[in-house]
Amino acid sequence: QVQLVESGVGLVQAGGSLRLSCAASGRTSSTYAMGWFRQAPGREREFVARITGRWWSSGSTYYSDSVKGRFTISRDNAKNTLLLQMNSLKPEDTAVYYCAASQVLGVSRSDYDYWGQGTQVTVSS
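Each value, and the rule that gives it
Residues numbered from 1 in each chain as written. Predicted model: local features only at pLDDT ≥ 70, side-chain atom pairs only at ≥ 80, totals over all residues. Heavy atoms only, no water. Core = buried A, V, L, I, M, F, W, Y, C linked by side-chain atoms within 4.5 Å. Buried < 20%, exposed > 50% of the residue type's maximum accessible area, 1.4 Å probe, protein only. Pairing = 2+ DSSP bridges. Helix = DSSP H or I, 4+ residues; strand = E, 2+ residues; numbered from the N terminus. Axes fitted to C-alpha atoms, helices over the stretch in contact; angles between N-to-C directions. Salt bridge = Lys/Arg side-chain N within 4 Å of Asp/Glu carboxyl O.

Description of the nonpolar core
By size, the foremost hydrophobic cluster in this structure holds 28 residues, and its most contacted members are Leu4, Trp36, Leu84, Met86 and Tyr97. Counting residues in each nonpolar core, the second largest holds 5 residues, with Ala33, Phe47, Ala100 and Tyr112 among its members.

Focus on the sheet that holds strand E7 (residues 71-76)
One open sheet accounts for 4 strands, arranged E1-E3-E8-E7; its pairing is antiparallel. Two strands in the sheet have a free side with no partner beyond their single neighbour: strand E1 (2-7) and E7. Strand after strand, the sheet turns through a mean of 20° between neighbouring axes, direction not considered. Where E7 and strand E8 (residues 81-86) come together, 6 bridges link them in antiparallel fashion. Its bridge partner being in E8, Arg75 is matched across the sheet by Leu82.

Some details on the pairing of strand E2 (residues 10-13)
Burial along E2 is one-sided: Gly10 and Val12 are buried, and none of Leu11 and Gln13, which face the opposite way, are. When E2 meets strand E11 (residues 119-124), the two strands line up parallel, connected through 4 bridges. Considered in E11, the bridge of Leu11 is made with Thr122.

Details of the pattern of salt bridges
Taken as a whole and assessed by the stated rule, the structure comprises 4 salt bridges. In this structure, Asp93 engages Arg38 in a salt bridge whose closest nitrogen and oxygen atoms are separated by 2.8 Å. Taken together, the positions of Asp93 in the loop between E8 and strand E9 (95-102) and Arg38 in strand E4 (residues 33-39) put the pair 55 residues apart, joining distant regions of the chain. Since its relative accessible area comes to 1%, Asp93 is described here as buried. Given a relative accessible area of 6%, Arg38 falls into the buried group. Among the salt bridges present, the one from Arg70 reaches Asp93, with a minimum N-O distance of 2.8 Å. Residue Arg70 is located in the loop between strand E6 (60-63) and E7, and its partner Asp93 is located in the loop between E8 and E9; the two are separated by 23 residues in the primary sequence.

Put into structure tokens, the structure is as follows:
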């Protein structure tokens, strides 16, 4: 089992920045990819970004087109923490953001086995 706890609830104006954190514990060595998803009201949960490779490796990253160039996913391996730096935020980025862990390489919700509780991000115009 892997436990994930997000932090970084925020209200920010359009154009601003926010950083989300996700603390991972448990059998983190069994995970191959860590990702961020988001879900806006009335919409499906969508992929945002992922980083692959074991926790002790540097990892490779992949982003959805909607956030590419604005968001950066990274890991603090020493602290078993996943990060999402969000810059140039837009009102359409408003959603509940979820941290997730997977044992495979994928971008679908079904590829991820473990999920955090979610954290709200609101971007005002």
